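Observations on the three-dimensional arrangement
Here are the chains, one letter per residue:
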Amino acid sequence: MRFPLLRPHWLGIHLVALVAVLVCFLLGYWQYERAQRPDRETITNPVEDLASAESIDTLLEPGQYMPQAIANEAVTATGTYDTGRQLLAPALSPEGEEGYYVVVPLVVEDGVAVVVNRGWIPVDAVDAVPPAPQGEVTVRGWLQMPQNEAYRGYSPIVPEGQVARISSALLVNEWPYRLYEGYVTLGEQTPPTPAGADVALKEIPPPDPPQETVWNFRNLSYAAQWWVFGAAAIVFWVSLVRREREEQRAGRESGGSDGAAAPTAEPAQPSADAAAD
């Protein structure tokens, strides 16, 4: 056959090699895509996320530094609102309107409290803030990092009854409690805020899922392994082809030397005695 590498069994080898390389590439690309997703679940459905909220004391201890990794986690806490120490923190509404966040300590145990952001209220309604529920309350919401000094052009001078930003570093000077780092943006509570208030607090939407690329190096290593397997399949296929071609070349050279004609012997020269006769 003029093209040995196109024989049926070689066509099968070519096909297997092609499929192997393609599968390895696709699996590697799939793992590469997965490597760009966050390790933890992002908030995609606020109701479902709150339903599986963890107790805040499983993530933090009072006074403990809050790592960025647990920001936006859904948490729950049970305690009693200290309504007499409620404060207002300057903030914009989701639509950009001037107003305030309503911040209150939720006392979860003796001398320990969680900072709860109940919601937003416009400037002209600060005298009509709806009362918080009395007695034991269970809150569910999203754990947020403390607001830093860059928040809305921080100013340390605020009127009485307000706090410049929601930060335990400031609130420990206002409240006689050990505080959990960060604060909880209220999603729901039991019992709910009493009905009948002239002004309702505007609920704060849950935080957006992270937009930046967060690399998962375990999946990235899996992607590299699949691509290495694909490269190995290519190398193996090339080595088979090269060996086949070398064997064919050696066979042709061997066959040519066996079939060559022997050199013709030169005729013998007559001896001097024969010439004399």
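The name an unreviewed UniProt entry assigns to the protein chain is SURF1-like protein, from the organism Thermobifida alba.

On inspection of all chains with the given rule, the structure shows three aromatic pairs. A centroid spacing of 6.2 Å and a plane angle of 40° characterise the contact between Tyr32 and Trp227, whose relative ring orientation is tilted. Here Trp227 lies in helix 4 (residues 217–258) and Tyr32 lies in helix 1 (residues 8–34), a separation of 195 residues in the sequence. The exposure class assigned to Tyr32 is partly exposed, which follows from its relative accessible area of 28%. Members of the aromatic cluster, connected to one another through ring pairs, are Tyr29, Tyr32 and Trp227.

A few words on the nonpolar core. If you look at the biggest cluster of nonpolar residues, it comprises 20 residues, and the most contacted ones within it are Ile56, Tyr81, Leu106, Val114, Val116, Val139 and Leu143. Of all the secondary-structure elements, those providing two or more residues to this core are strand 2 (74–81), strand 4 (98–109), strand 5 (112–122), strand 6 (136–144) and strand 8 (183–190). Beyond its immediate sequence surroundings of up to four residues, Ile56 is in contact with Val75, Thr76, Ala77, Val114, Leu143, Tyr180 and Val184. Residues Leu87, Ala89, Leu171 and Leu179 belong to the second largest nonpolar core, which totals 16 residues.

What follows covers a negative patch on the surface. Together, Asp57, Glu61, Glu109 and Asp110 make up a negatively charged patch on the protein surface. Residue position: Asp110 is located in the loop between strand 4 and strand 5.

This next bit is on the pairing of strand 4. When strand 2 meets strand 4, the two strands line up antiparallel, connected through two bridges. Looking at strand 4, one finds that Tyr81 is bridged to Leu106. With six bridges connecting them, strand 3 (residues 87–92) and strand 4 associate as antiparallel partners. The residue bridging Ala91 from the neighbouring strand is Gly99, located in strand 4. The sheet contact formed by strand 4 and strand 5 spans ten bridges and is antiparallel. By the bridge assignment for strand 5, Val103 is matched with Asn117. The hairpin turn running from strand 4 into strand 5, its antiparallel successor, is two residues long, and Gly111 in that turn takes a positive phi close to 80°.

Definitions and limits used
Residues numbered from 1 in each chain as written. Predicted model: local features only at pLDDT ≥ 70, side-chain atom pairs only at ≥ 80, totals over all residues. Heavy atoms only, no water. Phe/Tyr/Trp six-rings, centres within 6.5 Å; stacked < 30°, edge-to-face > 60°. Helix = DSSP H or I, 4+ residues; strand = E, 2+ residues; numbered from the N terminus. Buried < 20%, exposed > 50% of the residue type's maximum accessible area, 1.4 Å probe, protein only. Core = buried A, V, L, I, M, F, W, Y, C linked by side-chain atoms within 4.5 Å. Contact = heavy atoms within 4.5 Å. Patch = residues over 30% accessible without salt bridge, like charges linked within 9 Å, V, L, I, M, F, W, Y side chains within 5 Å. Areas by Shrake-Rupley, 256 points an atom, 1.4 Å probe, with all protein chains shown as cover. Salt bridge = Lys/Arg side-chain N within 4 Å of Asp/Glu carboxyl O. Lys, Arg positive; Asp, Glu negative; His and termini not counted. Charge placed at Lys NZ, Arg CZ, Asp CG, Glu CD. Pairing = 2+ DSSP bridges.

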